[in-house]
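Next come the chains, spelled out residue by residue.
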Amino acid sequence: MPKFAANLTMLFTEAPFMDRFRLAQGAGFFYVEYLFPYDFKAEDIKSALDLYGLRQVLFNIPSGNWAQGDRGIASHPDRVNEFRAGVHKALDYALVLGVKQLNCQPGKLVAGCSEADQWSTLIENARYAAGVLQEKGINLLVEPLNPFDIPGVLISRTEQAVRLIEELALPNVFLQYDVYHAQRVEGELTATMRKYRHLIRHIQIADNPGRHQPGTGEINYPYILKEIDALGYEGYIGLEYVPARGTTESLAWVKELGYTL
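Caption draft 1: A look at the overall build of the protein. Looking only at helices and strands, the protein has 10 helices and 8 strands in total. For the protein, the C-alpha atoms occupy an extent of roughly 50 × 40 × 35 Å along the three principal directions. Buried residues in the protein amount to 55% of all 261 residues. Long-range pairs, those at least 24 residues apart, make up 75% of the contacts in the protein between residues at least 6 apart in sequence. The positive charge centre, built from 25 side chains, and the negative charge centre, built from 31, are 3 Å apart in the protein.

Caption draft 2: Molecular detail of the pattern of salt bridges. For the coordinates displayed, the defined rule picks out 9 salt bridges. In this structure, Glu167 and Arg163 form a salt bridge, with 2.8 Å as the shortest nitrogen-oxygen distance. One end of the pair is Glu167 and the other is Arg163, both in helix α5 (residues 158–168) and 4 residues apart, which spans about a single turn. Note on Arg163: relative accessible area 43%, which makes it partly exposed. One network of salt bridges, with partners in common, ties together Asp70, Arg79 and Glu82.

Caption draft 3: Fine view of the pairing of strand β8 (residues 236–239). Residues Tyr236 and Gly238 line one face of β8 and the alternating positions Ile237 and Leu239 line the opposite face, and both faces are buried. The sheet contact formed by strand β1 (residues 3–7) and β8 spans 4 bridges and is parallel. In the sheet register, Ala6 faces β8, and the bridge partner there is Leu239. Examined bridge by bridge, strand β7 (residues 200–205) and β8 share 3 bridges and lie parallel to one another. Residue pairing for β8: Gln204 is matched across the bridge by Gly238. Since β7 and β8 lie parallel, the crossover through helix α8 (residues 221–230) that links them has a hand, and here it is right-handed.

Caption draft 4: Summary view of the environment of Glu33. With respect to the helices, strands and loops of the structure, Glu33 is situated in strand β2 (residues 31–33). For Glu33, a relative accessible area of 0% puts it in the buried group. Along the primary structure Glu33 and Pro171 are separated by 138 residues, whereas in three dimensions their C-alpha atoms are 23 Å apart. In this view, Glu33 contacts Ala5, Ala6, Asn7, Leu8, Thr9, Gln56, Val57, Leu58, His202, Gln204, Gly238 and Glu240; residues no more than four positions away in its chain are not counted. A polar side-chain atom of Glu33 sits 2.9 Å from a polar atom in the side chain of Asn7.

Caption draft 5: Molecular detail of the nonpolar core. Ranked by size, the top nonpolar core spans 77 residues in total, and within it Phe4, Phe21, Phe29 and Phe59 carry the most contacts. Once residues within four sequence positions are removed from consideration, Phe59 is found in contact with Tyr34, Leu35, Pro37, Tyr38, Ala90, Tyr93, Ala94, Leu97, Val99, Gln101, Leu102 and Asn103. If you look at the next biggest cluster of nonpolar residues, it comprises 7 residues, including Ala5, Tyr31, Leu58 and Leu141.

Caption draft 6: Layout of unusual backbone geometry. The omega torsion of the bond from Asn208 to Pro209 falls at 5°, within 30 degrees of zero and hence cis. Following the sequence through the fold, Pro209 ends up in the loop between β7 and α8. One non-glycine residue, Phe12, lies in the positive phi region at around 60°. Assignment of secondary structure puts Phe12 in the loop between β1 and α1 (20–27). Of note in this structure, Glu188 is not a glycine but carries a positive phi near 50°. Note that Glu188 resides in the loop between α6 (179–185) and α7 (189–195). The exposed category is assigned to Glu188, whose relative accessible area is 57%.

Cut-offs applied
- Residues numbered from 1 in each chain as written.
- Predicted model: local features only at pLDDT ≥ 70, side-chain atom pairs only at ≥ 80, totals over all residues.
- Heavy atoms only, no water.
- Helix = DSSP H or I, 4+ residues; strand = E, 2+ residues; numbered from the N terminus.
- Buried < 20%, exposed > 50% of the residue type's maximum accessible area, 1.4 Å probe, protein only.
- Contact = heavy atoms within 4.5 Å.
- Lys, Arg positive; Asp, Glu negative; His and termini not counted.
- Charge placed at Lys NZ, Arg CZ, Asp CG, Glu CD.
- Salt bridge = Lys/Arg side-chain N within 4 Å of Asp/Glu carboxyl O.
- Pairing = 2+ DSSP bridges.
- Right-handed = clockwise from strand over helix to strand, strands pointing away.
- Polar contact = N/O pair within 3.5 Å; in protein donor to acceptor, adjacent residues only side chain to side chain.
- Core = buried A, V, L, I, M, F, W, Y, C linked by side-chain atoms within 4.5 Å.

Everything listed here is a matter of coordinates, which is why it stays silent on function.
Next comes the structure, spelled out in structure tokens:
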């Protein structure tokens with residue numbers, strides 16, 4: 001049975017961020033995730049989690065200036081110190097919030113910098129991050145992003161993320177598999193999940209086109225979710241979609257497919 005996590009960056013956006021924990025609990029969720037917690041005190045978020053009986057399962061290491069278009073800085077040769085400071089900041093939050101997995105976004109191609117240099121920077125930064133996190137029993141995840149929504153991303157295909165994981169060969173570096181991003185880039189969803197099941201530690205879902213809730217697009221989610229169960233996946237499935245209607249209305253698919261939150 002899937003363990004669905006509400007992505008509070010995408011869901012319940014009709015309310016301020018700190019109110020979304022209450023709304024998630026009211027909708028029936030037990031687990032939450034989001035992109036970044038850093039605009040708020042970790043202790044305040046922890047209080048909200050405890051108050052509403054929620055478990056935080058994932059967030060991202062600081063990824064640069066999001067408003068100005070950054071989507072990760074782990075591969076940027078000129079921002080190594082910034083990235084590594086962000087690792088420690090993320091760890092501080094993770095320890096307060098009880099989070100055991102952090103997503104590392106490699107970022108975009110850098111003008112005037114060779115892809116080989118960026119890859120080398122990414123390897124060393126990921127190795128550093130994994131070492132820091134491993135001491136506290138925390139996994140480092142890597143997620144391919146589609147280049148249609150985010151042009152110029154360094155890692156857009158599952159095979160590229162797997163190459164990074166295999167080059168690092170570290171015990172706490174794994175794959176974050178986003179079904180929406182994968183569908184846009186490569187398809188072959190079930191075959192890919194079967195092939196890399198041993199590396200997948202977090203899954204996120206949305207339909208395509210539109211990145212709305214399951215049932216609004218072309219992805220056969222009744223089949224996909226059954227396949228995830230058949231693979232023995234016991235991790236969380238983040239609902240990282242833009243509700244086509246209000247968040248509460250968008251959750252009707254869960255019951256329609258025979259699941260609960």
